Amino acid sequence: MTTHTEIQSLLQTSAYNPAIIPQLESYVRAQLSSASTSLSSPSDAQYSFEANRTLVKLYQFFPEREDEGVVAMCVFLALMNWPEVEVGCLQCLVGEGVMGAEPCATLVRCSELLESCRFSSFWPEFRKLGIPEYGSTPNSTVSEDRKLLANAVNGSKCSNTLRENMLKMLGKVYKSAPLKNVLEALDLKDEASLTAFASKIMIGSSAGEENETCIVEKVENGYVVFASCVENSKRAGSAYKEGVGYGDIARMMQESKIRGQ
Amino acid sequence: MADNLFPDSVKDFVFDLHDASRRSLVPSELHALYTGSFRDVTAKYFPTSAWPTSEAIASECSNDELFLALYNELTLRHLQSVKRPSVRDRIEGWHAYRKLFDLVLSEAPEDGAEKGRDQLFLIPEWCFDILHEFLYQFQGFCQFRTTTYCSAAKTADDPEKTPTSHVLDSIQVLKENRDAWAVETVLFYLRRLIRVGLQKNASVTYRYLSYFASVTLSRLECLLGDYKASISALDVIYDVDAEALAVGEEMKSPEDLVNGVFPARLSLAYHAGVSYLMLRRYKDAAGMLGGICLFMQRGFKTGQLRKIPGSDQFNKLFDRMIALLAIVTHICSTQIDDSIASVVREKHANNLSKIESGEEGYEELFVFACPKFVNPAVPNYEEALTAGSPLMPYGQDTYKLQVHHFMNEMAAHQTLRKMKSYMCLYTSIGVEKLASFNDMKVEEFEPWLACFKHKMQQLERGTEANAQDKMGTAMGIHYYVAENTVHVDEAEKTRRFETFFMKQIANNDDILRQIERLKIEV
């Protein structure tokens, strides 16, 4: 199996050579398999947006080589990296014909729901991707790539990645949010599952990035209280800050000194 | 032109240019020849016609293959500026560039080899002009083959019409030259030039070619719709650890090298500005575009820019960048110079007031301002002549895709702007009340509170003090929600006064340096 290092080396030397398409496609499948397994291992294929984006561009240059199933996998992997803008970047490279057909069409809807932070509406759409036959024409055979995608959706790793990203976003907006809303947003059953899930997610506290704390401070009186951070707290002291960086002044003095000599 | 019909000044120019670029390697001599003599001789003898062919002048430069390839490119560039190229001219251009780059790369030392004697010198302007024209011809060729395909496909569907002989001839030539201007080969040459120029044993000319190839690569990636790659291509130029390089008698950083060639600086800023906008990096877009527009505004006033060749295009790009700034400054509050802000307001008051009143206005601005994106795939020409085939090659329309994506991004901003305008009036307000101001139910409204923060979250370029990009926000306010109440603060005020003083000190320093460089002969 091609490793991440080998892929990086390939991208350095032969990025736009169509002969590397099979290797990049195989690496996409490996990334998706790694995303499906619940336990991480050193042999997991590391996510590489650069590799996937290069593949999508090769499809742009050589449309006859385009594999819609692989494009869908690339979009799915980018979706897991939300709130990065990666799905948007891929949408600028893939034709509307492919993006408008399943499963890409559902992936795009999922992306739109994440972008507009409609998390509770996201999960029913997302679960559709877990049905391999969803969106396919009647009596057609479901491809191996589509099954691989469905496995990833149905596995817990991807759902937990999405939950973690959503929870971090909520933690930037809310100091305290209704428990019911948070459970719906994360597609979790009850307070116990939220507490168990959130206990593994740490963020830098407002005291400094080095001091990490659990993202959820407590659940009390029907509210989820998030750990304080710069984003969800009142700004301390004066909001008006002035100051000149030492580096800027030193550079300026050095240049004037040289000229004065 | 036969040898005995050449004016002496043409022969002398070729001889001197060869000598300066291949033997004496004196920057000031080459600069005078390339920027002065070439234009004078062209204006006098070849204002609307071709220079002598490279075969005709080969004896003036000892049949030096690389120099002849440089000469061929230079004169072809002139010809295509005065005469609309035919399909065969375009193919000829491709072969000229391929030959030139193959020869330039073959003379470059191997990575790790000892640095030999420099055998080629090109001034920065010449390096950029080669690469800029290379990409301009690529862009033109992509557009040409798409329109040729579309003309054929339209008539194929109508049994009463046949394609014109001109279109059929073009299709035939294109079919016979499928590899011409292939995007993967264009990318190969640019990336190879960058890599070779970054080697430790690279001469100054290869370093120039490397940095200008990065500017060109950034432009190409932007035209393909790959905005992340467009910004990454500029990393080598902004690398703070890069060694300074000699430009004339000065030592300059790669960034200063690029800024010293105004068309390169402009191309970099425009395409980076578009890329930052499409990546939602609004503050970086404003910084990049605001900076170049301010420079150009001053240049137009002093008349400095008029002296630069190709200056007739500068106004058009200035207008397009002002339109981009209208979009960016409207989406988020970000600082740009007051004089530029007033130009933005003056030129685009109509569109901006349309957007304020709830109508759509961003699309018109974007369509005016955006570059001509290209369809990189080689069309299936046989399909173009068959009825029922897609009207665009492979149904691909990169330009429409970018506009569509941009409009999707802008769709949310009308609601976000309304929401922000209400939030600015309060230090705290109930979620339900804020929802009612926005004509929404609470369940429908709550996601917008998160959406606003998400959409405005963006990477920001590192500063001189800290080169790392970091996550920031383009929101003009700070808010958070606690127990169904939205608490609103003003955003951290950006530094104002000390930035102004620092900028004026730097400007003063710059002026004093220029004065010191002036040689006054009494």
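All residue numbers refer to positions counted from 1 along the written sequence of the respective chain. A letter from A marks each chain and a number from 1 marks each ligand, given out in the order of writing. It should be noted that, the model being predicted, local features are given only for residues of pLDDT at least 70 and side-chain atom pairs only at 80 or more, the latter also being counted only at that level, while totals for whole chains, interfaces and linings use all residues. Only hydrogens and water are set aside; all other atoms, that is, all heavy atoms of the structure, feed into the side-chain values.

As annotated in an unreviewed UniProt entry, chain B is Eukaryotic translation initiation factor 3 subunit L from Cyclotella atomus. Under Subunit (unreviewed entry), UniProt gives the following word-for-word description of chain B: "Component of the eukaryotic translation initiation factor 3 (eIF-3) complex." UniProt positions are given in the numbering used here, feature names are shortened, and annotations may be inferred rather than shown by experiment. Taken directly from UniProt, the Sequence similarities (unreviewed entry) text for chain B runs: "Belongs to the eIF-3 subunit L family."

The name given to chain A in an unreviewed UniProt entry is EIF3k, with the source organism recorded as Cyclotella atomus.

## A short note on the overall build of chain B
When helices and strands are tallied, chain B shows 22 helices and seven strands. Principal-axis analysis of the C-alpha atoms gives chain B an extent of 90 × 75 × 45 Å. Relative accessibility thresholds used throughout: buried, under 20% of the residue-type maximum; exposed, over 50%; partly exposed, between the two (1.4 Å probe, protein chains only). Residues counted as buried form 52% of the 522 residues belonging to chain B. Sequence separation of 24 or more characterises 71% of the internal contacts of chain B that already satisfy a separation of 6 or more. All accessibility values rest on the Shrake-Rupley procedure with a 1.4 Å probe; residue burial counts only the protein chains present in the view. On chain B, roughly 24,600 Å² of surface is accessible, and the fraction owed to carbon and sulfur atoms is 51%. Side chains of chain B give 58 positive and 72 negative charges; the mean places of these two sets differ by 3 Å. The secondary structure listing takes helices from DSSP runs of H or I that are at least 4 residues long and strands from runs of E that are at least 2 residues long, numbered from the N terminus. Contact definition: two residues touch when any of their heavy atoms are within 4.5 Å. As used throughout, the charge tally considers Lys and Arg to be positive and Asp and Glu to be negative, leaving His and the chain termini uncounted. Every charge is mapped to an atom, namely NZ of Lys, CZ of Arg, CG of Asp or CD of Glu.

## A look at helix H4 (residues 65-82) of chain B
Residue and element names in this part refer to chain B. What a helix should span is 1.5 Å times the count of its residues minus one. Across its 18 residues, H4 extends 26 Å between first and last C-alpha, which sits within 8% of the 26 Å expected from 1.5 Å per residue. Along H4, 13 of the 18 residues are buried, which leaves the element largely enclosed by surrounding structure. We define a polar contact as two N or O atoms separated by no more than 3.5 Å, with the added condition that, inside protein, one atom must be a possible hydrogen donor and the other a possible acceptor, whereas residues neighbouring each other in sequence contribute only through side-chain atom pairs. Capping the start of H4, Asp64 holds a side-chain oxygen 3.2 Å from the backbone nitrogen of Leu66, two or three residues further along.

## Describing the domain arrangement of chain A
Interfaces are often sized by the accessible area lost when the parts come together. All names here are of chain A. Domain boundaries in chain A define domain 1 (4-154) and domain 2 (162-260). With centres defined by C-alpha atoms, the gap from domain 1 to domain 2 works out at 30 Å. Counting residues at the interface gives twelve residues for domain 1, matched by ten residues for domain 2. Two parts placed together each lose some accessible area under a 1.4 Å probe, and adding up what both lose gives the buried area. Between domain 1 and domain 2 the total buried area reaches about 970 Å² when both faces are included, carbon and sulfur atoms providing 76% of it. Three residues stand out in domain 1 for area buried against domain 2, namely Trp82, Phe119 and Trp123, and they jointly supply 57% of the buried area on that side. Salt bridge criterion: a side-chain nitrogen from Lys or Arg within 4 Å of a carboxyl oxygen from Asp or Glu. Summed over the shared surface of domain 1 and domain 2, the result is one salt bridge. Boundaries of every domain are those given by an automatic assignment or by a domain database.

## Thoughts on the interface of chain B and chain A
Each partner contributes to the interface: chain B provides 57 residues, whereas chain A provides 58 residues. Between chain B and chain A we count seven salt bridges in total. Two residues, Asp226 of chain B and Lys57 of chain A, come together in a salt bridge whose shortest N-O distance is 2.8 Å. Connecting chain B to chain A are 21 residue pairs in polar contact (both at pLDDT 80 or more). Broken down by secondary-structure element, the contributors of at least two residues to the side of chain B that touches chain A are helix H8 (183-197), helix H9 (204-224), helix H10 (227-232), helix H18 (398-411), helix H21 (442-456), strand S6 (477-482), strand S7 (485-490) and helix H22 (497-517) of chain B.

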